[in-house]
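# An overview of the molecular structure
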2 protein chains.
Amino acid sequence: MIDDTDIQILECLVEDARHSYTDIAEVVDLSPPAVSDRIDRLRESGVIRRFTVELDRSQLRDGVHVLVTLSASTSAVDSVYSAVCDASSVEHTFMTADNTVIFSTRVRGDRIRAAIDDIVNFSRVDSYDVSIIDTAKWSPTIGGTEFALSCDECGNTVTDEGRSEQIGDNQRHFCCSSCLHRFRERYNRIEDDVDAPEKTTIGSDDDSWSL
Amino acid sequence: MIDDTDIQILECLVEDARHSYTDIAEVVDLSPPAVSDRIDRLRESGVIRRFTVELDRSQLRDGVHVLVTLSASTSAVDSVYSAVCDASSVEHTFMTADNTVIFSTRVRGDRIRAAIDDIVNFSRVDSYDVSIIDTAKWSPTIGGTEFALSCDECGNTVTDEGRSEQIGDNQRHFCCSSCLHRFRERYNRIEDDVDAPEKTTIGSDDDSWSL
DNA sequence: AATGAAAGGATTAAGCC
DNA sequence: GGCTTAATCCTTTCATT
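As a starting point, this report considers the structure included with it.

Cut-off values and rules
Residues numbered from 1 in each chain as written. Chains lettered and ligands numbered in written order. Predicted model: local features only at pLDDT ≥ 70, side-chain atom pairs only at ≥ 80, totals over all residues. Heavy atoms only, no water. Helix = DSSP H or I, 4+ residues; strand = E, 2+ residues; numbered from the N terminus. Buried < 20%, exposed > 50% of the residue type's maximum accessible area, 1.4 Å probe, protein only. Contact = heavy atoms within 4.5 Å. Areas by Shrake-Rupley, 256 points an atom, 1.4 Å probe, with all protein chains shown as cover. Near = heavy atom within 4 Å. Polar contact = N/O pair within 3.5 Å; in protein donor to acceptor, adjacent residues only side chain to side chain. Nonpolar A, V, L, I, M, F, W, Y, C, P; charged D, E, K, R; others polar. Phe/Tyr/Trp six-rings, centres within 6.5 Å; stacked < 30°, edge-to-face > 60°. Lys NZ or Arg CZ within 6 Å of the ring centre and 35° of its normal. Pairing = 2+ DSSP bridges. Axes fitted to C-alpha atoms, helices over the stretch in contact; angles between N-to-C directions. Core = buried A, V, L, I, M, F, W, Y, C linked by side-chain atoms within 4.5 Å. Arc of directions from axis to C-beta. Salt bridge = Lys/Arg side-chain N within 4 Å of Asp/Glu carboxyl O.

It is worth spelling out the overall build of chain A at this point. Within chain A, the regular secondary structure consists of 6 helices and 7 strands. Ordered by position from N to C terminus, the α and β elements of chain A give α-α-α-β-β-α-β-β-α-β-β-β-α. For chain A, the residues scored as buried account for 44% of the 211 residues in total. Nonlocal contacts in chain A, meaning residues at least 24 apart in sequence, comprise 50% of its contacts between residues at least 6 apart. Entry remark: accessible area of chain A is about 10,700 Å², with carbon and sulfur atoms responsible for 43%.

With respect to spatial proximity, the complete set of residues near DNA strand C consists of S20, Y21, T22, P33 and S36 of chain A together with R18, L30, S31, P33, A34 and R38 of chain B. Taken together, the sugar and phosphate atoms account for 80% of what DNA strand C places within 4 Å of the protein. Between a phosphate oxygen of DNA strand C and a side-chain N or O atom of T22 of chain A, the distance comes to 3.1 Å. At the level of elements, α2 (21–28) and α3 (32–44) of chain A together with α3 (32–44) of chain B are the ones that each hand at least two residues to the surface near DNA strand C. Counting residues per element, the surface near DNA strand C draws most heavily on α3 of chain B, at 3 residues. A breakdown of the residues in the surface near DNA strand C according to their chemical character gives 5 nonpolar, 4 polar and 2 charged.

Residues and elements named next belong to chain A. Even without glycine at this site, D29 takes up a positive phi of about 65°. The topology assignment puts D29 in the loop between α2 and α3. Overall, D29 belongs to the exposed group, its relative accessible area being 69%.

Counted according to the given criterion, the structure contains 4 aromatic pairs over all chains. Where F94 of chain A meets F94 of chain B, the ring centres are 6.4 Å apart and the plane angle is 90°; that geometry is what we call edge-to-face. Separated into two different chains, F94 of chain A in strand β3 (residues 90–96) and F94 of chain B in strand β3 (residues 90–96) make up a pair that spans both. When sorted by exposure, F94 of chain A lands in the same class as F94 of chain B, which is buried. The interplanar angle of 20° and the centroid separation of 4.6 Å between the aromatic rings of F122 of chain B and Y128 of chain B together place this pair among those described as stacked. Accessibility expressed as a relative area gives 14% for F122 of chain B, which makes it buried. Stacked on the ring of F51 of chain B, the Lys or Arg R18 of chain A has its end atom at 5.3 Å from the ring centre.

Before going further, it helps to examine the protein's contact with DNA strand D. Lining the immediate environment of DNA strand D, one finds R18, L30, S31, P33, A34 and R38 of chain A together with S20, Y21, T22, P33 and S36 of chain B. Within 4 Å of the protein, the contacting atoms of DNA strand D are drawn from sugar and phosphate to the extent of 74%. In this structure, R18 of chain A approaches DNA strand D through a side-chain N or O atom, which is 3.5 Å from a phosphate oxygen. Note that a phosphate oxygen of DNA strand D is positioned 2.8 Å from one of the side-chain N or O atoms of R38 of chain A. For the surface near DNA strand D, the elements supplying multiple residues, two or more each, are α3 of chain A together with α2 (21–28) and α3 of chain B. Counting residues per element, the surface near DNA strand D draws most heavily on α3 of chain A, which supplies 3 residues. Here the residues of the surface near DNA strand D are counted per class, giving 5 nonpolar, 4 polar and 2 charged.

As a further point, take the sheet that holds strand β4 (residues 100–107) of chain A. Spatially, the 8 strands close up into a barrel ordered β2(A)-β4(A)-β3(A)-β5(B)-β2(B)-β4(B)-β3(B)-β5(A), and their pairing is antiparallel. Direction aside, the axes of adjacent strands within the sheet are offset by 35° on average. Pairing between strand β5 (residues 127–138) of chain A and β3 of chain B: 5 bridges, direction antiparallel. Paired with I133 of chain A across the two strands is T96 of chain B, which belongs to β3 of chain B. On top of the sheet, helix α4 (residues 77–86) of chain A reaches β2 (64–71), β3 and β4 of chain A together with β5 (127–138) of chain B; it is set at about 160° to β3 of chain A, its chief contact. Sheet strands in contact with helix α5 (residues 112–119) of chain B are β2 (64–71), β3, β4 (100–107) and β5 of chain B, and its direction is about 125° off that of β4 of chain B.

Moving on to the nonpolar core. Of all hydrophobic cores here, the largest spans 38 residues; its most connected members are I48 of chain A together with I48 of chain B. For this core, the elements supplying multiple residues, two or more each, are α1 (4–15), α2, α3 and β1 (48–55) of chain A together with α1 (4–15), α2, α3 and β1 (48–55) of chain B. Per element, the largest residue contribution to this core is 6 residues, and it comes from α1 of chain B. Discounting residues that sit within four places of it in the chain, I48 of chain A has contacts with L10, L13, I39, L42 and R43 of chain A together with V53, E54 and L55 of chain B.

All names here are of chain A. Inspection of α2 places I24, A25 and V28 among the buried residues, and these make up the whole buried set. Axial view of α2: buried residues confined to an arc of 105°, hence all on one face. Exposed side chains of α2 directed beyond 90 degrees from the buried face belong to E26 and V27. Positive phi shows up at D29, right after α2, with a value of about 65°.

In total, this model carries 14 salt bridges over all chains according to the counting rule given. The shortest N-O distance in the salt bridge between D6 of chain A and R38 of chain A comes to 3.0 Å. Highlighted residues: D6 of chain A in helix α1 and R38 of chain A in helix α3, separated in sequence by 32 residues. Per residue, the accessibility class of D6 of chain A equals that of R38 of chain A, and both read buried. Linking D56 of chain A and R49 of chain B is a salt bridge whose minimum nitrogen-to-oxygen distance equals 3.5 Å. Pair noted here: D56 of chain A is in the loop between β1 and β2 and R49 of chain B is in strand β1, and the two residues belong to different chains. Taking the relative accessible area as the measure of exposure, R49 of chain B reaches 42% and is therefore partly exposed.

Have a look at this one:
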């Protein structure tokens, strides 16, 4: 799936999406076509949504930037959320686990209420609150816990306490030593099977995995 | 300053920052070097903050996405805000006009409180609230009131009620008909001056303008 | 802002492990 | 399957008008 090299590539692109494949290739120690292939795969799999540009909208004189918080009933919240997403003037959108939709938008200072009503019909909303945004920032920076690998055994996030080891041809990542040992055990059994190819059932229940 | 062509270029880049200058040049009807020059200018002036990539972070299994709302005293809010901005795990950041800082971040589910304390020391904060984000979106799309032009006469934002007209060689934009007429009047006076070049003082007070 | 030449980067295909 | 190398083609840049 996604490996360390992919993450390095993503880091480069987040920093500057116009970095040349040649530059990236040097950083990750691959050839330019290999980088190109990987980026294509990341695009197709949807990890990369799009290449875009971050603008300083305040320089474009585009109205007052407001943050709108609204709550809706469980039945209405999905349609409210998609209405917000579809509105072209909306920039940031969040839906929290408790049916609150939060979004930022630019509106002309003299018709804030009307603009919000345009975006999401007030009749569908239980309550709402508007605050004026003083400054806002979007940082796609990669760092800290942001880009975690998934455990090759159980799928959980790999944290600082995780383990990483070369098994067979690949560098593998695990969330804990148990998963590492479990994976290695299975790997060795497979290896044995290759030597003596009587098919045996490996593992139990619905555990699924692949090398 | 920024004209229609710049806005068209920005639209292209927002849609796909890897569009080639040649492609953009065709859309906006200029030569590739001209597009390159304009993009350089937009970068230098800070309108374009950076080229980046939009990622589907949910595919990277990177912890729980939470929205943190905190309020601080007027004296502390700036340092709290900059601490939040500097934190590498923080993605979206807002500061509202009433000293509320709102940000989204990814944290491991079992240490949300500790993670937030790392980002912004709790001692500097009056109160805070955390909600789990179900879905989030960032749409740099251009549309609606987002990209407003500034009036070529008074500098105000040009809205739907504005006027647009070809004067001389350029398409000009105005926030209202008064500005259009005022501009056209001056333009004609300049034209007359060119025919009969005795220099006269144009306009009054500190009004400044350029063709 | 356009042109044309030179440099630099992307993409393709063939071949390797 | 994923990688590299080398050739081709396209894009960007720079000097000039």
